[in-house]
Amino acid sequence: MGNSKTALVTGASKGVGKGIALELARQGYDLAVNYQADAPGAEATVAAIQAMGREAFAVQANVGASAEVDRMFAQVLARFSVLHTLVNNAGVQTWKPLLELEEAEWDRVIATNLKGCFLCTQRAGRHMKEHGGGRIINIGSGCNKVPFPNLVDYTASKGGIEMFTRSAAIELGRYGITVNCVAPGAIEIERTKHETSDYAGTWAPLTPLGRVGQPLDVARAVAFLASEAAGFITGQTIWVDGGLFTRPNWPYR
């Protein structure tokens, strides 16, 4: 493996997670590609990374389950003696009104998005503390800043991730570990395309830069925060939204 950097990206079988894994590979990283259910997608991500000449392997785990996270980290650290970067990207959501949301749906989203972020950060942080530092990057959402109706569990989880990021950054800074959050805006991926018949046409007019985002837009911000250039940045949320969530409800042209 040589002296290349290593990274674990959770939920990297498709969408934004896959884009992040591919960009880190382009930046010289070897990758552990986590997935929960989509094994073919994870293997496709691995194959694309290997085609770049980087090392990659898939590792299955439900990030919301402590025993599975422990098993995942054991596998990752058996392949990579040192883990330099963790990207907490794995996420799920329920599209349902608050008054109809079921307890099991709430639990699933909070366990994956928020508890998974905690468990993986804790395991990576313990390792990084012993190896001179590292980078942890959590993937937030527009609902870090504004509440999304019909996504109450998702909104609660992502808001929690932002404050967890800040608290973790304060505690882990003494060990040379930075912890930051990347909050995407309207990003065109497989999942979001199902929200409406014309996702880009719906969201581009609301975005000051006039287009929707792509996974690469998010991935480049993650790669920056993982790099030496971001060595003195921690506890921050970086918005990758084309200005979408800065724009106010403003009646004048």
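Here the structure is a predicted model, which means the values were calculated and not measured.

Now for helix 3 (residues 66–79). Here helix 3 is 14 residues long and its end C-alpha atoms lie 20 Å apart, about the 20 Å a rise of 1.5 Å per residue gives. Buried within helix 3 we find Val69, Met72, Phe73 and Val76. Down the axis, helix 3 shows its buried residues gathered within 95° of arc, on one side only. Seen from the open side of helix 3, the exposed residues pointing more than 90 degrees away from its buried face are Ala67 and Ala78. Contacts made by the buried residues of helix 3 are with strand 1 (5–9), strand 2 (29–35), strand 3 (56–60) and helix 4 (103–130).

In this structure, Ile20, Leu24, Leu31 and Val182 are the most contacted members of the largest nonpolar core, which totals 32 residues. The set of elements that each furnish at least two residues to this core consists of strand 1, helix 1 (15–26), strand 2, helix 2 (39–51), strand 5 (134–139) and helix 8 (215–226). By residue number, the principal contributor to this core is helix 8, which donates 7 residues. Look past the residues within four positions of valine 182 in its chain and what remains in contact with it is Ile137, Asn138, Ile139, Gly140, Val218, Ala221, Val222, Leu225, Ile238 and Val240. In this structure, Ala61, Val63, Met72 and Leu86 belong to the second largest nonpolar core, which totals 24 residues.

Another aspect to go through is the side chain of serine 157. One can find serine 157 in helix 5 (residues 152–172). Filtering out sequence-adjacent residues up to four positions away, serine 157 remains in contact with Val109, Ile110, Asn113 and Leu114.

The next thing to look at is the pattern of salt bridges. Inspection of the entire model under this criterion finds 10 salt bridges. Between glutamate 228 and lysine 5 there is a salt bridge, with the nearest N and O atoms lying 3.8 Å from each other. Of this pair, glutamate 228 sits in the loop between helix 8 and strand 7 (237–240) while lysine 5 sits in strand 1, and the two are 223 residues apart along the sequence. Here glutamate 68 makes a salt bridge to arginine 71, at a shortest N to O gap of 3.7 Å. Of this pair, glutamate 68 and arginine 71 are both found in helix 3, 3 residues apart, which corresponds to roughly one turn of the helix. Given a relative accessible area of 25%, glutamate 68 falls into the partly exposed group. Three or more residues joined by partner-sharing salt bridges are found here, namely Lys96, Glu102 and Glu105.

With that out of the way, let us pick up the sheet that holds strand 2. Hydrogen bonds between backbone atoms are what pair the strands of a sheet, whose relative direction is either parallel or antiparallel. Pairing in this open sheet of 7 strands is parallel, and the strands run 3-2-1-4-5-6-7 from one edge to the other. Single-partner strands in this sheet number two, and they are strand 3 and strand 7. Ignoring strand direction, the axes of neighbouring strands in this sheet form an average angle of 20°. Sheet topology places strand 5 next to strand 6 (residues 177–184); 6 bridges connect them, and they run parallel.

Let us look at the layout of surface pockets. The gaps of empty space that remain are located by a probe, the size of a water molecule, rolled over the atoms. The volume enclosed by the largest pocket comes to roughly 1,100 Å³. Taken together, 45 residues form the lining of the largest pocket, with Gly91, Gln93, Tyr154, Ile189 and Arg191 sitting closest to its centre. At the level of secondary structure, the elements contributing two or more residues to the lining of the largest pocket comprise helix 1, strand 2, helix 4, helix 5, helix 6 (190–193) and helix 7 (199–203). Broken down by class, the residue content of the lining of the largest pocket amounts to 21 nonpolar, 17 polar and 7 charged. Taken as a whole, the second largest pocket holds about 360 Å³ of empty space.

Quick notes on the rules
- Residues numbered from 1 in each chain as written.
- Predicted model: local features only at pLDDT ≥ 70, side-chain atom pairs only at ≥ 80, totals over all residues.
- Heavy atoms only, no water.
- Helix = DSSP H or I, 4+ residues; strand = E, 2+ residues; numbered from the N terminus.
- Expected span 1.5 Å × (residues − 1).
- Buried < 20%, exposed > 50% of the residue type's maximum accessible area, 1.4 Å probe, protein only.
- Arc of directions from axis to C-beta.
- Contact = heavy atoms within 4.5 Å.
- Core = buried A, V, L, I, M, F, W, Y, C linked by side-chain atoms within 4.5 Å.
- Salt bridge = Lys/Arg side-chain N within 4 Å of Asp/Glu carboxyl O.
- Pairing = 2+ DSSP bridges.
- Axes fitted to C-alpha atoms, helices over the stretch in contact; angles between N-to-C directions.
- 1 Å grid on protein atoms, 1.4 Å probe; cavity = no way out; pocket = protein on both sides within 12 Å on 5 of 7 lines; lining within 4 Å.
- Points joined across faces, edges and corners; volume = space filled by probe spheres on them.
- Nonpolar A, V, L, I, M, F, W, Y, C, P; charged D, E, K, R; others polar.

Shape is all these values report; function is a separate question.
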